[in-house]
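Chains, contacts and geometry: an overview
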Amino acid sequence: LLDSLLQETIEMSQKRFLVFVYGTLKKGEPNHHWLSSPENGVQQFQGQGMTVNQFPLVIASRYNIPYLMDKAGIGNKIMGEIYEVDEKMLEKLDELEDHPRYYERRIEQVTKVDTKEEMSCWIYLLKKYKEEMLSLPMLSNYKSEDDHGRPYVPSDDISDPEDIDV
């Protein structure tokens, strides 16, 4: 029994997933510590990436959160970072993003900037959003401290997406 549990643990720790991050999880941004913290799991930076599809990326709510809305074809190709993570880290990211209640994680095509290689990556998208969010300024590369003047405000408040202040 102990051997089979150990084997299962080893197999779980060997599973790897590609994740594309575009907002506060990027290097130098307020939530990067979720990715860089070893107790959350394993991650390895793979490089800069850009979504193949265009998406609306806006800053909204009183917390100035970057939202990538699930409306492909509108907005810009999004710049971000590609990480290879283990299952434990993916579960921690799901917890942060409140998947599937708030954000939904799904596979999207991302082009690795340096090699032009197209990769299938997990990405977190906001499926439920207010239509008026589409009238906000759309970004292609999020930075909390930028000329938009809307720095991210950390909070544990994950309210219903319908309550997002525009």
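The present account deals with the structure reproduced in this document. As the structure is a prediction and not an experimental result, all values here were calculated from the model.

1. Considering the overall build of the chain
When its secondary structure is counted, the chain shows three helices and seven strands. N-terminal to C-terminal, the α/β element order of the chain is α-β-α-β-β-β-β-α-β-β. Counting every position in the chain, which comprises 166 residues, the buried fraction comes to 43%. Contacts spanning at least 24 positions in sequence make up 74% of the contacts within the chain whose residues lie at least 6 apart. Looking at the chain as shown, the accessible area adds up to about 8,800 Å², and 50% of this sits on carbon and sulfur atoms.

2. Points about the nonpolar core
Judged by nonpolar contacts, the single largest core of 42 residues is most densely connected at Tyr22, Tyr67 and Met133. With six residues, strand β7 (residues 118-126) is the largest single contributor of residues to this core.

3. Remarks on the pairing of strand β4 (residues 65-68)
The alternating pattern of β4 places Ile65 and Tyr67 on one face and Pro66 and Leu68 on the opposite face, and all of these are buried. Pairing analysis gives four bridges linking strand β3 (residues 57-60) to β4, with the strands arranged antiparallel. Counted as the bridge partner of Ala60 is Ile65 from β4. Where β3 folds back on β4, the antiparallel hairpin that results is connected by four residues, among which Ser61 adopts a positive phi of roughly 80 degrees.

4. As for the packing of aromatic side chains
All told, the structure shown has four aromatic pairs when counted by the stated rule. Where Tyr67 meets Tyr102, the ring centres are 6.4 Å apart and the plane angle is 50 degrees; that geometry is what we call tilted. One end of the pair, Tyr67, is in strand β4; the other, Tyr102, is in the loop between α3 (87-97) and β6 (103-112), and 35 residues separate them in sequence. Tyr102 sits in the buried class, given a relative accessible area of 7%. A connected cluster of aromatic rings, assembled from ring pairs, spans Tyr67, Tyr102 and Tyr103. The aromatic ring of Phe45 is capped on one face by Lys27, whose charged end is 3.6 Å from the ring centroid. Sitting over the ring of Trp122, Arg105 keeps its end group 4.3 Å from the ring centre.

5. Structural notes on the pattern of salt bridges
According to the stated counting rule, one finds seven salt bridges in the structure shown. Between Asp70 and Lys127 there is a salt bridge, and its shortest N-O distance comes to 2.6 Å. A residue pair is termed long-range when its members are at least 10 positions apart, and Asp70 in the loop between β4 and β5 (76-86) and Lys127 in the segment after β7 qualify at 57 residues. Judged by relative accessible area, which is 18%, Asp70 ranks as buried. Exposure remark for Lys127: the relative accessible area of 42% places this residue in the partly exposed category. Between Glu95 and Lys92 there is a salt bridge whose closest N-O contact spans 3.4 Å.

The rules we used
- Residues numbered from 1 in each chain as written.
- Predicted model: local features only at pLDDT ≥ 70, side-chain atom pairs only at ≥ 80, totals over all residues.
- Heavy atoms only, no water.
- Helix = DSSP H or I, 4+ residues; strand = E, 2+ residues; numbered from the N terminus.
- Buried < 20%, exposed > 50% of the residue type's maximum accessible area, 1.4 Å probe, protein only.
- Contact = heavy atoms within 4.5 Å.
- Areas by Shrake-Rupley, 256 points an atom, 1.4 Å probe, with all protein chains shown as cover.
- Core = buried A, V, L, I, M, F, W, Y, C linked by side-chain atoms within 4.5 Å.
- Pairing = 2+ DSSP bridges.
- Phe/Tyr/Trp six-rings, centres within 6.5 Å; stacked < 30°, edge-to-face > 60°.
- Lys NZ or Arg CZ within 6 Å of the ring centre and 35° of its normal.
- Salt bridge = Lys/Arg side-chain N within 4 Å of Asp/Glu carboxyl O.

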